[in-house]
Each structure stands twice: as C-alpha cells, then as structure tokens.
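Coordinate inspection notes
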Amino acid sequence: EVRAGKPHVLRLQAPFGGGRRALVGEFLRNVSAGADEVLPWRVVCLDQENGLQWLIRMYGALIAAVGDDVLQRGRIEMILNSQLPAQPKRVQGWYQGFISALKEAKTDDAKGAVQLRLPQDNPLIGLVEVVAAISRRQPIVLELQNPNVVYSLALAQVVETLWSEGQESGSKLLVLLHDEPESN
C-alpha cells in the first residue's frame, strides 16, 4: 500500500534485546532488493534529547542516508528540482537549501557524524516539506528508534504532519517507531 501512495505508521514494541532493529534491518534489506528504489532513513533517538538536538539528528540521518550513494543523491536532487516550479518561494528555498546541504555535507563514517547546515527559516517545517516532496516520487522508510526518550513534541508533530501530508498528496512513506513496553 505504501508504494501505491498510502503512508503508514507502524509501532514495534519489544523488551530490550527483543530484535526490533534486526527485524527492521531484515525488512529494509528485503524492500531494498525490490524493483523500486527505497530510501531507508534510520534515526536513533538519544535519551533526554531536546527538540533542536533531535531535529539536527533527523537532518543528519537523512543527509547521510542520501549522501552515501551518488546515484541516490542525484535522484533526490532531480526529484526536488522537478517540483520547484510548482512551489511557493519559501518551499523552493527549503528544497534548494537541502540540495546545497547534500552537496556540501561532510560525513565521517568512522565517527558516524555528519557536518551540515540547517535552514534558517523554520527548519522543522522545511524538513517536512523536503521529505514530503521526496516521498511523493520515491518510497521512504523512516525508522525512529526509541522515540519515547526525546523530550520534545516536535517528534510527534513531524510524524503526524508527514502522515497527514502524505494522505493528501499520495506520499510513499512508511514510518516505523520502535520502543520498549511501559514498565509497571
């Protein structure tokens, strides 16, 4: 259904060591082996992260996921550029800023770090607009590991907005949230 343009949000719950990451990893390998190019966007949420730290982590993980593969980066650039003329100036700025960030980002695979530049004009909405534009043309699987530890409503707002935007525009987006069950 996701490939047909019906976004989904799925929550995986298991105790620590319950195999959530392994399950998602195997799922991504199987999906990536299919005919469509799928963009796997994996984000590890850290304990007590605030909204800005989490937003930087989201951008960094997306840049790293796209930037690792030159063909993928070119495809994403074409997807965003093809939608530029139909967008308002503000959205065009976010698309162009993301494309520039892709070209200028410096990744350090040994440290798992990405040096990037966030948009000055509301980076949260900019991220949603960029992801929505990409997912209209190419399937994205967003994996959020331990979203419950983030100290910000921004995470819930982004997931809800991506899902809502996807319902309206036919986005090919699957969001996988996984955490541990609540303890008594």
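Criteria and thresholds
- Residues numbered from 1 in each chain as written.
- Predicted model: local features only at pLDDT ≥ 70, side-chain atom pairs only at ≥ 80, totals over all residues.
- Heavy atoms only, no water.
- Core = buried A, V, L, I, M, F, W, Y, C linked by side-chain atoms within 4.5 Å.
- Buried < 20%, exposed > 50% of the residue type's maximum accessible area, 1.4 Å probe, protein only.
- Helix = DSSP H or I, 4+ residues; strand = E, 2+ residues; numbered from the N terminus.
- Contact = heavy atoms within 4.5 Å.
- pLDDT = per-residue confidence, 0-100.
- Salt bridge = Lys/Arg side-chain N within 4 Å of Asp/Glu carboxyl O.
- Axes fitted to C-alpha atoms, helices over the stretch in contact; angles between N-to-C directions.
- Parallel < 35°, antiparallel > 145°, perpendicular 65-115°, else oblique.
- Left-handed = near helix turned anticlockwise from the far one by under 90°.
- Nonpolar A, V, L, I, M, F, W, Y, C, P; charged D, E, K, R; others polar.

1. Quick word on the nonpolar core
Counting 44 residues, the largest nonpolar core has Trp-41, Trp-54, Ile-76, Leu-80, Phe-98 and Leu-144 as its most contacted members. When residues of this core are traced back to their parent elements, those giving at least two are β2 (39–44), α2 (51–67), α3 (70–83), α4 (89–104), α5 (123–137), β5 (140–145), α6 (154–169) and β6 (173–179). In contact with Ile-76, other than residues within four places in its own chain, are Leu-39, Val-66, Phe-98, Leu-102, Ile-134 and Gln-138. Counting nine residues, the second largest nonpolar core, distinct from the first, contains Leu-28, Val-38, Val-141 and Leu-174.

2. Looking at the side chain of Ser-171
Relative to the helices and strands, Ser-171 resides in the loop between α6 and β6. The residues touching Ser-171, leaving out its near neighbours within four places in the chain, are Val-2, Gly-5, Lys-6, Pro-7, Ala-132, Ser-135, Arg-136, Glu-165 and Gly-166.

3. Thoughts on the confidence of the model for the protein
Mean pLDDT over the protein works out to 84, with 92% of the residues at or above the 70 mark. Ranking the elements of the protein by mean pLDDT puts strand β4 (residues 113–115) last, at 66, and α3 first, at 93.

4. As for the pattern of salt bridges
Following the criterion strictly, the structure yields six salt bridges and no others. In this structure, the salt-bridge partner of Arg-75 is Glu-37, at a minimum N-O distance of 3.9 Å. With Arg-75 in helix α3 and Glu-37 in the loop between α1 (20–32) and β2, this pair connects stretches of sequence that are 38 residues apart. Classification of Arg-75 by relative accessible area gives partly exposed; the value is 24%. You can call Glu-37 partly exposed: its relative accessible area is 43%. The salt bridge involving Arg-42 is made with Glu-143; its shortest N-O contact spans 2.3 Å. Placement of Arg-42 in strand β2 and of Glu-143 in strand β5 is noted, with a sequence separation of 101 residues between them. Exposure remark for Arg-42: the relative accessible area of 37% places this residue in the partly exposed category.

5. Some thoughts on the packing of α2 against α5
Where α2 meets α5, the closest approach of the two axes is 11 Å, and the angle between their N-to-C directions is 30 degrees. With respect to α5, the axis of α2 lies roughly parallel. Read as a crossing pair, α2 and α5 show a hand that is left-handed. Taking contact as the criterion, the partners of Trp-54, Leu-55, Met-58, Tyr-59 and Leu-62 in α2 are, on α5, Pro-123, Leu-124, Gly-126, Leu-127 and Val-131. Looking at side-chain class alone, the contact of α2 with α5 contains nine nonpolar, one polar and no charged residues.

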